[in-house]
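A look at the structure
Residues per chain, in single letters:
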Amino acid sequence: MNLTQILFWFLSVLTLGGALMVVISKNPVHSILFLIITFFAISGHYVLLNAQFLAVVNVIVYAGAIMVLFLFVVMLMNLNAESEPSKNKYLLYIGTIAGSSLLLVLVAALKKSNDITQAIQLKDGDIGLIKNLGAVLFTNYVFPFEISSVLFLSAMIGAVIIAKKETSI
């Protein structure tokens, strides 16, 4: 086994273990911290796939911003066992049926997939690099990129106008 395989298996175990602990953990703060660990492990997989841009974006956006926001929301809600509403016993049955149905669909989709058994062939080692992404983004997709920029700008201006309080004279 070479170093890449060892890193892959370590990150896979870390990802699956973190995801399992997110579901199993009773404390919501601990669940969020395990989810952050899972996101870092997924970013490690992106680095192994030579997609450094996705790894950095995953760490900054998901582990950095969204999970910190979740952590603040959970801490501000001050969840405890006394304030928890009573659970309906039928929700457990509905959840079990829904989860089993999802598992059945996933297994059926994986059984019919032929792409899993085929080896992935890459042209060269520079797939997924930021330089290539920037070159494609600003040559082939420059018009949609600029249109999305204008849409984001108009959405920000609309949000500021809506949030601005009316002043009365």
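Here's a quick rundown of the structure. (Residues numbered from 1 in each chain as written. Predicted model: local features only at pLDDT ≥ 70, side-chain atom pairs only at ≥ 80, totals over all residues. Heavy atoms only, no water.)

It is worth spelling out a nonpolar patch on the surface at this point. Taken together, the side chains of Phe53, Leu54, Val56, Val57, Ile60, Val61, Tyr62, Ile130 and Leu133 present a nonpolar region at the surface, about 750 Å² in accessible area. Of all elements in the fold, only helix 3 (52–77) and helix 5 (130–137) reach the threshold of two or more residues within the nonpolar patch. Here the nonpolar patch takes seven residues from helix 3, the largest share from any one element. For Val56, the position within the fold is in helix 3. Residue classification places Val56 among the partly exposed residues on the basis of a relative accessible area of 44%. (Patch = residues over 30% accessible without salt bridge, like charges linked within 9 Å, V, L, I, M, F, W, Y side chains within 5 Å. Areas by Shrake-Rupley, 256 points an atom, 1.4 Å probe, with all protein chains shown as cover. Salt bridge = Lys/Arg side-chain N within 4 Å of Asp/Glu carboxyl O. Helix = DSSP H or I, 4+ residues; strand = E, 2+ residues; numbered from the N terminus. Buried < 20%, exposed > 50% of the residue type's maximum accessible area, 1.4 Å probe, protein only.)

A complete count under the given rule lists three aromatic pairs for this structure. For the ring pair Phe8 and Trp9, a centre distance of 5.3 Å and an interplane angle of 75° mean the geometry is edge-to-face. Judged by relative accessible area, Trp9 falls into the exposed class, the value being 51%. Ring centres 5.1 Å apart and planes at 80° place the aromatic pair Phe138 and Phe145 in the edge-to-face group. By relative accessible area, which is 47% here, Phe138 ends up partly exposed. (Phe/Tyr/Trp six-rings, centres within 6.5 Å; stacked < 30°, edge-to-face > 60°.)

Of all hydrophobic cores here, the largest spans seven residues; its members are Ile32, Ile36, Phe39, Ala63, Met67, Leu71 and Val74. Elements that contribute at least two residues to this core include exactly helix 2 (28–48) and helix 3. Of the residues forming this core, the biggest block, four residues, is contributed by helix 3. Leaving out residues up to four positions away in the same chain, Met67 has contacts with Ile32, Leu35, Ile36, Phe39 and Tyr62. (Core = buried A, V, L, I, M, F, W, Y, C linked by side-chain atoms within 4.5 Å. Contact = heavy atoms within 4.5 Å.)

A few words on helix 2. With 21 residues, helix 2 should cover 30 Å at 1.5 Å per step; its first-to-last C-alpha distance of 30 Å lies within 8% of that length. Those residues of helix 2 that sit buried are Ser31, Ile32, Ile36, Thr38, Phe39, Ala41, Ser43, Gly44 and His45. Where helix 2 is buried, its residues touch helix 1 (3–24) and helix 3. A distance of 3.2 Å separates the backbone nitrogen of Val29 from a side-chain oxygen at the start of helix 2, and that oxygen is part of Asn27. After helix 2 finishes, the residue Asn50 shows a positive phi value of roughly 65°. (Expected span 1.5 Å × (residues − 1). Polar contact = N/O pair within 3.5 Å; in protein donor to acceptor, adjacent residues only side chain to side chain.)

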